[in-house]
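# Geometric and topological summary
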Amino acid sequence: MDHYAVFGYPIQHSKSPIIHQQFAHQTAQTIDYQAFAVPAEQFSSALDNFIAQGGKGLNCTVPLKELAFLQAHHLSDRARMSKAVNTLSIDVSGKLRGDNTDGIGLVKDLQDNQQTPLQHSAILILGAGGATRGIIGPILEQNPAKLVVANRTVEKAITLEHEFNHPILGGCGFNDLHGLHFDLIINATSASLSNELPPLPADLLAANGSCYDLAYANQATPFVRWGQQQNAAKSIDGLGMLVEQAAEAFYIWRGMRPDTQPVIQALNNARDV
Ligand code: NDP
């Protein structure tokens, strides 16, 4: 049996094992996928152990994506651009290939599952951490009208503007958002995890605009509730992205594309109760 895992800290609430087991069941494959609590200082030794035990692939989540990027021997273009790796493939000689499936997962959930087109849209990303690094490139590939990254620590947003160096991309602080309007606002801060909301001007969301929180929870997150209060056409959390980024990792590892719809449906049903 081939072994896969997700490393992160904390990890106890991870849905990745159940998602990958459902993908394996659907595609009639026998794999083992487990979640391990790995703090940053133990990442290197935990990775060595996993490779020594014959592990085939690894997902990395907070706070390990930048460390996984540094450990990879080979990188996909999207991982190189984002400087963050959420999917490692381990070859027979123990060499690591790093990829980042977060961006494609978000784009698929927005465009295919939520019918929210990105082309020609004015898009705002809140936050400038690892997740934002992963989603900027795939969003730019969809040809939006403009893309603004706003962050609490303004310098980090400016750094991303310079690194990605794209004519429609800008970086700023939350205070600079007054008077601007966006068709899609993506919350890629971790504020929802501590039940907080970035400070946002009331008229930030354009008429018929949508809100998307990368974080997900059993109840509506503070940002999803904010979007509802702004009469957003859609205000949704990142559960669909979680499943879509996992499907892309599964495809990288197993060469088969699972059907994400029943898995998203099952996870949505489980949190309605
Ligand atoms: P990071 O720790 O790398 O970055 C966190 C970001 O959030 C920083 O920009 C930080 O600002 C900002 N921030 C934190 N707290 C606040 C606050 N109270 N108010 C305003 N800004 C705040 O995290 P990631 O980028 O890796 O993850 C971000 C979120 O995305 C998490 O909720 C994570 O769970 C989610 N995620 C979901 C995925 C999915 O599949 N659905 C995939 C990947 C991530 P500053 O720079 O000033 O500190």
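For the structure itself, consult the block above.
Let me sum up the structure you'll find in this document. (Residues numbered from 1 in each chain as written. Predicted model: local features only at pLDDT ≥ 70, side-chain atom pairs only at ≥ 80, totals over all residues. Heavy atoms only, no water.)

A count of helical and extended segments in the protein chain gives 10 helices and 12 strands. Taking 2.2 N^0.38 as the reference for a compact globule, 273 residues should give roughly 19 Å; the C-alpha atoms of the protein chain span a radius of gyration of 18 Å, in line with that estimate. Projected onto its principal axes, the C-alpha positions of the protein chain cover 55 × 40 × 30 Å. Here the protein chain, with 273 residues, has 53% of them falling under the buried criterion. Long-range contacts, defined as pairs at least 24 residues apart, comprise 64% of the intrachain contacts of the protein chain with a sequence gap of at least 6. Measuring between centres, the 18 positive side-chain charges of the protein chain sit 3 Å from its 25 negative side-chain charges. (Helix = DSSP H or I, 4+ residues; strand = E, 2+ residues; numbered from the N terminus. Rg over C-alpha atoms; globule rule 2.2 N^0.38 Å. Buried < 20%, exposed > 50% of the residue type's maximum accessible area, 1.4 Å probe, protein only. Contact = heavy atoms within 4.5 Å. Lys, Arg positive; Asp, Glu negative; His and termini not counted. Charge placed at Lys NZ, Arg CZ, Asp CG, Glu CD.)

What follows deals with helix H9 (residues 239-254). Residues spaced three or four apart along an α-helix point in a common direction, a consequence of the helix completing one turn every 3.6 residues. Between its first and last C-alpha, H9 extends 22 Å over 16 residues, near the 22 Å set by a 1.5 Å rise per residue. For H9, the tally of buried residues reaches 13 of 16 residues, placing the bulk of the element in the interior. Backbone geometry just after H9 places Gly255 at a positive phi near 70°. (Expected span 1.5 Å × (residues − 1).)

In this section: the site of the ligand. As a matter of local geometry, the ligand sits amid 26 residues, with Ala131, Asn151, Thr153, Lys156 and Glu196 nearest to it. One nitrogen or oxygen atom from the main chain of Ala131 is found 2.8 Å from an oxygen atom belonging to the ligand. Within the side chain of Asn151, a nitrogen or oxygen atom sits 2.7 Å from an oxygen atom of the ligand. Across the complex, the protein chains shield 83% of the 940 Å² of accessible surface that the ligand would expose by itself. Elements with a contribution of two residues or more to the shell around the ligand: helix H6 (130-140) and H9. Sorting elements by how many residues they give to the shell around the ligand places H9 first, with 3 residues. (Near = heavy atom within 4 Å. Polar contact = N/O pair within 3.5 Å; in protein donor to acceptor, adjacent residues only side chain to side chain. Areas by Shrake-Rupley, 256 points an atom, 1.4 Å probe, with all protein chains shown as cover.)

Another point: the packing of H6 against helix H7 (residues 154-164). At a minimum axis separation of 12 Å, H6 and H7 run at an interaxial angle of 35°. Along this stretch, H6 crosses H7, giving a crossing that reads as right-handed. For the pair formed by H6 and H7, the contact residues are Thr132, Arg133, Ile136 and Gly137 on the first element and Leu160, Glu163 and Phe164 on the second. (Axes fitted to C-alpha atoms, helices over the stretch in contact; angles between N-to-C directions. Left-handed = near helix turned anticlockwise from the far one by under 90°.)

Tallied over the full model, the rule gives 0 disulfides. Between Cys172, a free cysteine, and Cys211, which holds the nearest cysteine sulfur, the sulfur-to-sulfur gap is 16 Å. The class of Cys172 is buried, set by a relative accessible area of 10%. (Disulfide = S-S within 2.5 Å.)

As a further point, take the sheet that holds strand S11 (residues 205-213). Reading across the sheet, the 6 strands line up as S9-S8-S7-S10-S11-S12 and stay open at both edges, with parallel pairing between neighbours. In the strand order of this sheet, the two ends are held by strand S9 (169-172) and strand S12 (234-237), each with one partner. Across the sheet, the axes of successive neighbouring strands diverge by a mean angle of 15°, strand direction being ignored. Sheet topology places S11 next to S12; 4 bridges connect them, and they run parallel. Paired with Ser210 across the two strands is Lys234, which belongs to S12. On top of the sheet, H7 reaches strand S8 (146-150) and S9; it is set at about 165° to S9, its chief contact. (Pairing = 2+ DSSP bridges.)

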